[in-house]
Amino acid sequence: MIPESALAMDKTAAPRGAVRSTPRVREILSWYSSDNPGVKSQLARMLNHGALAGTGKMVILPVDQGFEHGPARSFGPNPAGYDPRYHFELAIEAGCSAYAAPLGFLEAGAAEFAGEIPLILKLNNHDVLHDEKDPLSALTGSVGAALRLGCAAIGFTIYPGSSMARQMYEQIRTLAESAKAHGLAVVVWSYPRGSEISKAGETAIDVVAYAAQIAAQLGAHLIKVKLPTAHIEQEEARKAYEKNAIPIGTLAERVRHVVQSSFDGRRIVIFSGGAKKENDEEVLNEARAIRDGGGFGSIIGRNSFQRKKPEAVKLLRSIMNIYSGTTP
Amino acid sequence: MIPESALAMDKTAAPRGAVRSTPRVREILSWYSSDNPGVKSQLARMLNHGALAGTGKMVILPVDQGFEHGPARSFGPNPAGYDPRYHFELAIEAGCSAYAAPLGFLEAGAAEFAGEIPLILKLNNHDVLHDEKDPLSALTGSVGAALRLGCAAIGFTIYPGSSMARQMYEQIRTLAESAKAHGLAVVVWSYPRGSEISKAGETAIDVVAYAAQIAAQLGAHLIKVKLPTAHIEQEEARKAYEKNAIPIGTLAERVRHVVQSSFDGRRIVIFSGGAKKENDEEVLNEARAIRDGGGFGSIIGRNSFQRKKPEAVKLLRSIMNIYSGTTP
Amino acid sequence: MIPESALAMDKTAAPRGAVRSTPRVREILSWYSSDNPGVKSQLARMLNHGALAGTGKMVILPVDQGFEHGPARSFGPNPAGYDPRYHFELAIEAGCSAYAAPLGFLEAGAAEFAGEIPLILKLNNHDVLHDEKDPLSALTGSVGAALRLGCAAIGFTIYPGSSMARQMYEQIRTLAESAKAHGLAVVVWSYPRGSEISKAGETAIDVVAYAAQIAAQLGAHLIKVKLPTAHIEQEEARKAYEKNAIPIGTLAERVRHVVQSSFDGRRIVIFSGGAKKENDEEVLNEARAIRDGGGFGSIIGRNSFQRKKPEAVKLLRSIMNIYSGTTP
Amino acid sequence: MIPESALAMDKTAAPRGAVRSTPRVREILSWYSSDNPGVKSQLARMLNHGALAGTGKMVILPVDQGFEHGPARSFGPNPAGYDPRYHFELAIEAGCSAYAAPLGFLEAGAAEFAGEIPLILKLNNHDVLHDEKDPLSALTGSVGAALRLGCAAIGFTIYPGSSMARQMYEQIRTLAESAKAHGLAVVVWSYPRGSEISKAGETAIDVVAYAAQIAAQLGAHLIKVKLPTAHIEQEEARKAYEKNAIPIGTLAERVRHVVQSSFDGRRIVIFSGGAKKENDEEVLNEARAIRDGGGFGSIIGRNSFQRKKPEAVKLLRSIMNIYSGTTP
Amino acid sequence: MIPESALAMDKTAAPRGAVRSTPRVREILSWYSSDNPGVKSQLARMLNHGALAGTGKMVILPVDQGFEHGPARSFGPNPAGYDPRYHFELAIEAGCSAYAAPLGFLEAGAAEFAGEIPLILKLNNHDVLHDEKDPLSALTGSVGAALRLGCAAIGFTIYPGSSMARQMYEQIRTLAESAKAHGLAVVVWSYPRGSEISKAGETAIDVVAYAAQIAAQLGAHLIKVKLPTAHIEQEEARKAYEKNAIPIGTLAERVRHVVQSSFDGRRIVIFSGGAKKENDEEVLNEARAIRDGGGFGSIIGRNSFQRKKPEAVKLLRSIMNIYSGTTP
């Protein structure tokens with residue numbers, strides 16, 4: 001590691017357009033010491049991009065609902081979203097750290113917005129025309145496509161708890177290995193789900209923390225989980241939480257526990273907001289809890305692209321301000 | 001994109017045999033900005049071929065019914081169709097944009113008609129000697145065969161809603177990636193079908209729009225769906241249609257919604273006519289609705305090859321005239 | 001195509017050992033215009049070999065019953081057939097167009113009879129020690145083995161109607177692509193069979209015609225089907241036969257319909273005789289019907305190798321005389 | 001080959017945008033009977049494109065001089081030619097059959113002009129910053145690049161007579177085999193050159209005819225040679241010309257002999273014009289000699305792109321009119 | 001080997017179109033006991049083809065002079081030979097055992113004459129636009145091309161004595177290994193040549209015998225050498241010839257010694273005639289010497305294709321009659 005003193009650069013003299021990693025970004029990158037400079041560059045690209053550049057926090061725009069839920073449910077509330085270019089524009093305008101979407105949506109805009117926003121190609125997707133208790137998403141993209149489209153990372157969803165989880169773990173093993181070798185970062189959506197998990201269990205604190213751990217162990221650079229409740233799903237886990245008096249009473253405490261479960265905070269963990277909320281304050285309070293619990297940020301889809309762009313930008317900026325400390 | 005002015009060409013003087021893309025064709029090609037010039041050339045080949053050349057509209061002749069339904073049901077009404085050369089001739093004579101068929105039919109005529117009609121090799125097929133609730137078509141062709149036969153595109157059928165859909169999505173992912181790398185366009189037939197979809201649901205507006213979206217997200221350049229009814233299959237979708245007051249009352253409105261669901265009209269979507277109709281006017285009215293809804297054209301199999309060639313050519317030309325605006 | 005006149009050859013002076021394709025053979029080869037000269041050479045080899053050389057008709061000896069039915073059932077009636085050399089001799093002596101067998105039988109004689117009879121290596125086989133309603137034959141040979149053994153073609157059985165049909169279609173797709181690239185012809189045995197087809201349905205005219213069509217669409221150069229009965233298995237098909245008044249009353253009419261269903265006679269279709277018949281005249285009448293219906297010949301196994309060689313040769317020659325027009 | 005009569009098409013009714021091969025184009029395609037339909041389609045594409053569509057004649061625009069001679073020598077006379085788009089426009093506007101250039105020039109315009117002009121990717125190039133007596137061009141493109149760019153053919157230069165000729169023959173062997181398998185046509189520039197050939201010998205009739213023969217034997221579909229002089233370079237050849245009284249007195253006679261040397265006219269041979277000529281009539285007279293000698297057309301670089309576009313178009317059209325018989 | 005008695009076939013009854021190997025052909029095939037049935041079939045194909053079918057003798061037509069010497073020197077004397085189809089016709093009409101040529105000539109006729117004459121694809125070629133003391137031919141074909149074109153064998157020239165001989169030996173090693181695995185026979189042209197061999201030495205008995213031995217040791221199935229003179233090139237060899245009193249006085253004796261040097265006659269050795277001879281009797285006497293010395297036949301290029309076809313056929317038939325014993 002180059003000594004800080006050697007950097008000795010007069011930042012006021014830094015030219016417009018220059019990019020310097022802050023100490024915090026350098027610290028985060030140091031956690032990925034087994035990764036090659038290509039992967040680190042992509043992580044740095046996201047951490048140095050947008051309104052949260054340099055803060056070590058991230059807000060990502062994900063738009064895979066067209067595939068996952070169907071077009072009318074996804075884009076009916078704000079029809080501008082049918083156009084794939086809209087989401088690039090939203091992410092750029094709001095100052096997001098990255099934009100994540102399936103193959104088709106990225107192919108339909110990656111050239112027009114080349115270099116303007118870090119892209120994450122979601123490599124697997126699932127639709128609800130055929131739905132199962134124990135789902136297995138289809139592989140819809142590839143590391144080659146991610147490279148061809150100029151992406152910063154691949155994205156992949158695992159469903160811990162599904163009877164098909166093994167297949168997903170093995171798929172991401174192969175894909176992550178290839179992505180890393182080609183200098184791409186790896187983002188894992190870890191969403192517990194399956195015939196042996198109750199509906200409440202999908203966001204239970206023990207289950208979410210476990211899901212984050214699995215993603216980290218699978219080699220994810222960046223982990224996305226749902227915000228956990230105080231519910232505990234597994235009896236064996238309950239004993240551990242009680243015996244060790246792990247604090248999980250507040251959302252911030254639960255976030256802190258999830259971050260702790262992700263290699264003691266040495267992996268970037270961000271949280272998804274879920275379905276569109278009527279009350280913006282609810283969204284902002286979640287962000288405050290994430291911040292207070294040491295979370296790295298949010299991945300906000302429906303709560304952004306399902307409202308008009310000015311409103312969406314406003315909400316996203318408010319969230320970012322919370323993460324950057326500009327507003328409490 | 002080269003500015004029109006730079007082309008500065010006296011088009012009235014354009015020599016016989018020259019091909020120029022119209023502004024509309026150039027606009028359509030601009031939507032495929034992630035694709036290489038090879039793919040764009042094949043899309044241009046189809047858009048600049050036949051009676052609809054330059055209009056941005058397409059009429060494609062597909063003949064896979066011999067495999068899908070059997071020879072007597074397919075060719076009994078017009079026995080000339082047993083001969084594979086017949087369909088090349090029909091497509092050429094009628095001025096179709098392309099001709100799509102399985103391996104055997106293309107192998108039996110591709111040399112004789114070399115360069116006279118853009119070809120689409122259907123890479124998967126299904127027969128009804130064994131039929132299933134949740135079908136999975138067999139892979140019957142390859143990208144290599146498409147290149148060997150001089151095709152402009154590969155064609156592939158997915159059955160969203162089938163419990164086998166995942167396999168199909170993964171097959172087309174692999175095939176499309178290879179096709180694109182080799183400069184071939186990708187045409188996806190997206191036909192919802194499976195044990196969780198009702199018969200009415202197969203053409204329900206929510207399901208057809210969803211099927212179009214899935215094909216687009218999978219990276220299809222050209223999407224073929226069935227004409228949708230006003231039926232809504234999924235309860236979650238119904239809420240979205242009602243809440244957002246999406247107009248689906250007329251066929252033209254439904255076509256418009258499907259086109260919207262295909263990246264806001266930035267992917268070519270064409271519609272299939274289904275079984276042979278007794279009344280030609282019905283076919284023509286469907287074409288009018290497709291035109292009025294902003295659809296890109298038709299893929300007309302049984303309604304063309306199951307009648308005598310002069311009648312088929314007449315009907316196809318009538319449809320083309322509707323698309324080109326020659327007749328109302 | 002080189003004009004006949006350009007060949008300007010005094011055929012009466014053609015030396016012993018010369019091979020010239022007749023106009024009929026040239027016509028048949030012209031149907032395979034997508035194939036390379038290697039494939040065409042192998043088709044010519046079979047069409048120019050044996051007693052039917054140059055007539056455009058073929059009689060093939062197939063001996064896979066040892067694998068398919070067991071040795072005693074197959075060779076008990078004529079124990080000379082236990083010796084693999086016997087079948088080479090029978091095929092050569094009778095003047096057959098080709099001899100088809102599994103790997104073992106060909107390996108046991110291909111060297112001794114090198115160059116004396118075109119060989120077809122059956123690439124898949126099925127035994128009845130384990131039998132299923134929906135069978136999938138085992139791959140027992142390869143394109144490499146066919147080349148190593150000096151074969152003219154690969155042979156492959158599909159069972160349309162089996163729930164395993166998809167696997168078979170995909171196997172022959174891959175094998176045929178490789179065979180064609182290496183200059184080998186492709187022979188497909190298309191035998192409808194499976195849990196959704198009745199026993200009578202296996203030889204129903206609609207099903208057999210459909211099976212021939214599927215083989216042709218899969219890219220077969222030479223198709224082998226069973227002689228069809230007047231039974232119609234599928235209701236949808238019945239409507240087509242009745243509405244279009246397709247004549248299927250006589251065996252010759254049914255053969256004609258199967259030939260028509262094989263690309264209007266532009267693919268070679270031959271018919272199998274099935275189990276050994278007591279009455280030779282029945283076999284000969286079948287040959288007459290095949291000839292009258294425009295069929296290309298027979299594939300005769302049990303009716304030849306289950307009788308003494310002189311009788312078998314006599315029967316085969318009688319059949320060939322019917323095809324060549326020497327006898328009525 | 002399908003008989004013309006079977007096509008039974010009212011050609012006067014052929015719709016705008018339709019493409020039909022003329023009997024002459026069909027005849028030319030028949031010479032390439034070992035090739036797959038993909039290759040035939042590309043040959044048909046070039047033969048059916050531009051002002052000479054259907055005539056069996058071709059005029060190709062080649063622009064590799066930027067690489068071969070340097071930019072100022074190449075584009076100084078008409079600076080519009082520095083812009084890669086210019087040459088696409090020139091080829092399209094003039095109605096050329098195809099446009100040939102190295103990788104960079106094609107990459108810089110293939111997308112903008114997708115589908116408007118058949119492209120030939122020159123796969124090897126040589127510069128004069130380092131020049132040798134026995135040159136070996138560098139491989140600068142690939143079959144994969146040709147597919148990616150939507151090319152109709154690969155182009156390759158051999159220098160028969162160079163001590164490096166063996167390497168070039170082996171390179172084109174490999175490249176041509178791959179190109180043909182992928183459905184691309186093969187164009188060979190055969191330019192004798194090397195330490196054992198005199199300057200006059202480079203265009204000697206014996207040497208040019210030999211160079212054409214070598215290209216044809218290497219499997220070229222389309223051969224480009226320089227216009228030959230009456231000089232004879234090799235003593236052994238002189239004997240043959242004299243003894244057999246091969247007429248080589250006029251340019252037309254020499255062209256005829258080169259065409260004859262290219263498989264008796266069964267390979268397309270076109271002739272290059274060489275350096276820019278002051279006198280247009282000289283260029284036109286060369287075209288007349290090529291026409292009278294049965295040549296298939298011209299490849300005209302410097303004489304077209306080194307003058308202003310209107311003049312260039314006018315000259316190219318004049319040449320095309322000579323080939324099409326519109327003017328004497 | 002199957003005992004003759006087991007074949008028990010009434011040969012007088014052998015049908016038209018049947019092929020039976022004679023005892024002599026079976027004996028020859030037995031020498032290739034390490035080869036697979038595919039290779040044996042190809043050897044049998046050549047030995048059972050044409051006017052010499054079954055005699056164990058061969059006359060092959062080779063036409064690579066267009067590449068090796070140039071078109072005018074090759075085809076000027078009989079301009080019909082410029083057309084690639086001519087040589088197929090000549091070989092077929094004369095009843096040759098096989099026709100050997102480079103890629104281009106075979107591609108230009110293999111489809112039209114499919115199955116009518118065994119083909120040998122010459123995989124390397126050399127031209128005289130650049131000639132060297134120690135030549136290395138260019139690889140101009142491949143085993144894949146030989147399969148695609150339906151060839152019976154690959155052909156390859158080695159120049160023992162060239163400083164490049166090692167490269168050639170290693171090339172044929174690789175090519176022969178692949179050819180044999182794919183069921184193709186291997187024909188080696190063994191022509192001593194190089195800076196250390198005198199002009200007279202190229203046909204010296206010791207050198208030619210040595211060249212035949214090398215080809216045999218390299219695994220050739222069929223060896224082609226030039227007719228040797230009584231000259232002895234190498235001093236060490238001279239001692240052996242003299243000490244052992246090897247008879248080399250007459251041409252027949254020298255042929256016998258070359259045959260002996262080719263595994264004591266257990267490899268097929270044929271002899272080339274060289275340049276066109278004025279006196280046919282000279283050619284016939286050479287054939288008599290080859291016959292008397294136990295040679296297996298001739299490969300006759302210029303002496304056949306450089307005269308009018310009727311004369312060429314007459315001469316070839318006369319030679320064949322000498323080999324078959326029909327004339328003395």
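Quantities reported herein were computed from a predicted structural model and do not represent experimental measurements. (Residues numbered from 1 in each chain as written. Chains lettered and ligands numbered in written order. Predicted model: local features only at pLDDT ≥ 70, side-chain atom pairs only at ≥ 80, totals over all residues. Heavy atoms only, no water.)

1. Considerations on the overall build of chain A
(1) Moving on: Looking only at helices and strands, chain A has 15 helices and 10 strands in total.
(2) Moving on: Relative to the 2.2 N^0.38 estimate, which gives 20 Å for 328 residues, the radius of gyration of chain A is 19 Å and therefore close to what a compact globule would have.
(3) Moving on: For chain A, the C-alpha atoms occupy an extent of roughly 60 × 45 × 40 Å along the three principal directions.
(4) Moving on: Entry remark: accessible area of chain A is about 12600 Å², with carbon and sulfur atoms responsible for 52%.
(5) Moving on: For chain A, the centre of its 37 positive side-chain charges and the centre of its 34 negative side-chain charges are spaced 4 Å apart. (Helix = DSSP H or I, 4+ residues; strand = E, 2+ residues; numbered from the N terminus. Rg over C-alpha atoms; globule rule 2.2 N^0.38 Å. Areas by Shrake-Rupley, 256 points an atom, 1.4 Å probe, with all protein chains shown as cover. Lys, Arg positive; Asp, Glu negative; His and termini not counted. Charge placed at Lys NZ, Arg CZ, Asp CG, Glu CD.)

2. Concerning the packing of aromatic side chains
(1) Moving on: Counted under the stated rule, the structure contains 36 aromatic pairs over all chains.
(2) Moving on: Their ring planes at 50 degrees and their centres at 5.8 Å tell us that F75 of chain A and F305 of chain A sit as a pair that is tilted. Of this pair, F75 of chain A sits in helix α5 (residues 71-75) while F305 of chain A sits in helix α14 (residues 302-305), and the two are 230 residues apart along the sequence.
(3) Moving on: A residue is classified by how much of its surface remains accessible, and F75 of chain A, at 1% relative accessible area, is buried.
(4) Moving on: The ring centre of W189 of chain B lies 4.8 Å from the NZ or CZ of K122 of chain B, which sits over that ring. (Phe/Tyr/Trp six-rings, centres within 6.5 Å; stacked < 30°, edge-to-face > 60°. Buried < 20%, exposed > 50% of the residue type's maximum accessible area, 1.4 Å probe, protein only. Lys NZ or Arg CZ within 6 Å of the ring centre and 35° of its normal.)

3. Observations regarding the packing of helix α10 (residues 205-217) of chain A against helix α12 (residues 251-261) of chain A
Residues and elements named next belong to chain A.
(1) Moving on: It is the contact of α10 with α12, at a shortest axis distance of 8 Å, that shows an interaxial angle of 30 degrees. When the axis of α10 is compared with that of α12, the two are roughly parallel. In this structure, α10 meets α12 at a crossing whose hand is right-handed. In contact with I205, V208, A209, A212 and Q213 of α10, α12 contributes R254, H257, V258 and S261.
(2) Moving on: Of the residues contributing to the contact of α10 with α12, the split by class is 5 nonpolar, 3 polar and 1 charged. (Axes fitted to C-alpha atoms, helices over the stretch in contact; angles between N-to-C directions. Parallel < 35°, antiparallel > 145°, perpendicular 65-115°, else oblique. Left-handed = near helix turned anticlockwise from the far one by under 90°. Contact = heavy atoms within 4.5 Å. Nonpolar A, V, L, I, M, F, W, Y, C, P; charged D, E, K, R; others polar.)

4. Thoughts on the interface of chain E and chain C
(1) Moving on: In this complex, chain E contributes 49 residues to the contact, which on the side of chain C involves 49 residues.
(2) Moving on: Both faces considered, chain E and chain C share a buried interface measuring about 3900 Å² in area, 54% of it formed by carbon and sulfur atoms.
(3) Moving on: Residue E116 of chain E is joined to R20 of chain C by a salt bridge in which the shortest nitrogen-to-oxygen separation is 2.6 Å.
(4) Moving on: Elements with a minimum of two residues in the side of chain E that touches chain C: α1 (4-7), α3 (37-47), α6 (84-94), α8 (143-148) and α15 (309-324) of chain E. (Buried area = accessible area lost by both parts, 1.4 Å probe. Salt bridge = Lys/Arg side-chain N within 4 Å of Asp/Glu carboxyl O.)

5. A word on the relation of the copies chain E and chain C
(1) Moving on: The transform that puts chain E on chain C rotates by 179 degrees and translates by 0.0 Å along the axis, for an RMSD of 0.1 Å. Taken together, the rotation angle and the small translation identify this as a two-fold axis.
(2) Moving on: A shared interface surface links the copies, since 100% of the contact residues of chain E are contact residues in chain C too. (Least-squares fit on C-alpha atoms with pLDDT ≥ 70 in both.)

6. Side note on unusual backbone geometry
All names here are of chain B.
(1) Moving on: Even without being a glycine, D264 presents a positive backbone phi close to 55 degrees.
(2) Moving on: With respect to the helices, strands and loops of the structure, D264 is situated in the loop between α12 (251-261) and β9 (268-272).
(3) Moving on: Taking the relative accessible area as the measure of exposure, D264 reaches 35% and is therefore partly exposed.

7. Quick word on the sheet that holds strand β7 (residues 185-190) of chain D
Hydrogen bonds between backbone atoms are what pair the strands of a sheet, whose relative direction is either parallel or antiparallel.
Residue and element names in this part refer to chain D.
(1) Moving on: Ordered in space as β1-β2-β3-β6-β7-β8-β9-β10, the 8 strands form a closed barrel in which the pairing is parallel. Between one strand and the next, the sheet's axes are offset by a mean angle of 25 degrees, whatever the strand orientation.
(2) Moving on: Pairing of strand β3 (residues 119-122) with strand β6 (residues 153-158), which is carried by 3 bridges, proceeds in the parallel orientation. Paired with I120 across the bridge in β6 is A153. (Pairing = 2+ DSSP bridges.)

8. As for the interface of chain D and chain B
(1) Moving on: The interface is formed by 50 residues belonging to chain D together with 50 residues belonging to chain B.
(2) Moving on: Of the roughly 3900 Å² buried at the junction of chain D and chain B (both faces included), carbon and sulfur atoms supply 54%.
(3) Moving on: Run the count over chain D and chain B and you get 4 salt bridges.
(4) Moving on: Between the two partners, chain D and chain B, sit 8 residue pairs in polar contact (both at pLDDT 80 or more).
(5) Moving on: When residues of the side of chain D that touches chain B are traced back to their parent elements, those giving at least two are α1 (4-7), α3 (37-47), α6 (84-94), α8 (143-148) and α15 (309-324) of chain D.
(6) Moving on: Class assignment for the residues of the side of chain D that touches chain B results in 24 nonpolar, 14 polar and 12 charged. (Polar contact = N/O pair within 3.5 Å; in protein donor to acceptor, adjacent residues only side chain to side chain.)

9. Topic: the relation of the copies chain D and chain B
What relates the two chain copies is a rotation about an axis together with a slide along it.
(1) Moving on: If you rotate chain D by 179 degrees and push it 0.0 Å along the axis, it lands on chain B with an RMSD of 0.1 Å.
(2) Moving on: Most of the interface of chain D is mirrored in chain B, where 100% of its interface residues are also at the interface.

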